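Architecture and fold: a report
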Amino acid sequence: MKLKVKTLDAKAKGDIDLKDEIFGLDPRADILHRVVNWQLEKRRPTARAARERSDVNRTGKKYGKQKGGGTARHGDRRAPIFIGGGKAHGPRKRDFNPSLNKKVRALGLKMALSAKAKNDTLIVVENIDLKDAKTQALKGHFDKLGFGKSTLVIDGEGVNDNFRKASANIVGVDVMPAIGANVYDILNHETLVLTRAAVEQLEARFNG
């Protein structure tokens, strides 16, 4: 698959050959659904459990008389009605640690990239190097390139510092290095922008 490469000024900068086994697959909704669910479950922290009656370290000795005290009959300080007692019907510990085959995860990322290429929402730029971290100037570049309402920009090993600073104030624009590319963020943005270095990194990631 061939795609036009542009500069930030929307000028042509030649073509790039994208590998069909990465950018030319037919996306499958079931694979993408599995990978996205795995990602969202993986980011959830462990749900903390409350201490119930059996978890509280208090005496179980009967501390009052059965009769004649003028109060209810109690034989355990761990009861939920007492301060310091266990919580009745409290939340239980839940650990969200799902597993998903590495091959399925890799296939999901390939299909997410292919979906953007198939829908013509994939843009390849030569680089995202900026001389000055000017947000207004960067907005002008985005308008020329025709970015959507939300854009994910993926660079190579690291993101240009001036570009990162300039894009931080633009709503709907997220930037990450190629190592952070994932299915959820790619599908969650209208436009995907890859630098030439990002394409090389992603292809090397799958070949490795």
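Everything that follows concerns the structure shown earlier in this document.
The following paragraphs examine the structure supplied in this document. (Residues numbered from 1 in each chain as written. Predicted model: local features only at pLDDT ≥ 70, side-chain atom pairs only at ≥ 80, totals over all residues. Heavy atoms only, no water.)

Moving on, we come to the pattern of salt bridges. Taken as a whole, this structure holds nine salt bridges when the rule is applied. Among the ionic pairs, Asp 15 bridges to Lys 4, the shortest N-O distance being 3.5 Å. Placement of the pair is Asp 15 in strand E2 (residues 12-17) and Lys 4 in strand E1 (residues 2-6), with a sequence separation of 11 residues. For Lys 4, a relative accessible area of 58% translates into the label exposed. (Salt bridge = Lys/Arg side-chain N within 4 Å of Asp/Glu carboxyl O. Helix = DSSP H or I, 4+ residues; strand = E, 2+ residues; numbered from the N terminus. Buried < 20%, exposed > 50% of the residue type's maximum accessible area, 1.4 Å probe, protein only.)

Summarising the element assignment, Thr 151 is placed in strand E4 (residues 151-155). Not counting chain neighbours up to four residues away, the residues in contact with Thr 151 comprise Gly 172, Val 173, Asp 174, His 189, Thr 191 and Val 193. (Contact = heavy atoms within 4.5 Å.)

A positive phi angle is found at Ala 10, which is not glycine, with a value near 70°. Of note, Ala 10 is situated in the loop between E1 and E2. A positive phi angle, near 60°, is found at Asp 120, a position not held by glycine. Structurally, Asp 120 is set in the loop between helix H3 (102-118) and strand E3 (122-125). With a relative accessible area of 71%, Asp 120 lands in the exposed category.

As for its position among the elements, Arg 28 is in the loop between helix H1 (20-23) and helix H2 (29-42). Overall, Arg 28 belongs to the partly exposed group, its relative accessible area being 41%. Taking the C-alpha atoms as reference points, Arg 28 and Phe 82, 54 residues apart in sequence, are found 56 Å from one another.

You can see Tyr 63 is positioned in the loop between H2 and H3. When the C-alpha positions of Tyr 63 and Gly 75 are compared, they lie 6.3 Å apart, and in sequence the two are 12 residues distant.

Now for the environment of Gly 68. Tracing the chain through its elements places Gly 68 in the loop between H2 and H3. It is 83 Å that separates the C-alpha atoms of Gly 68 and Phe 142, two residues lying 74 residues apart in sequence.

This paragraph deals with the side chain of Thr 135. With respect to the element layout, Thr 135 can be found in helix H4 (residues 135-145). Of the polar contacts made by the side chain of Thr 135, one reaches the backbone oxygen of Ala 166; its length is 3.0 Å. Not counting residues within four places of it along the chain, the set of residues in contact with Thr 135 comprises Ala 166, Asn 169 and Ile 170. (Polar contact = N/O pair within 3.5 Å; in protein donor to acceptor, adjacent residues only side chain to side chain.)

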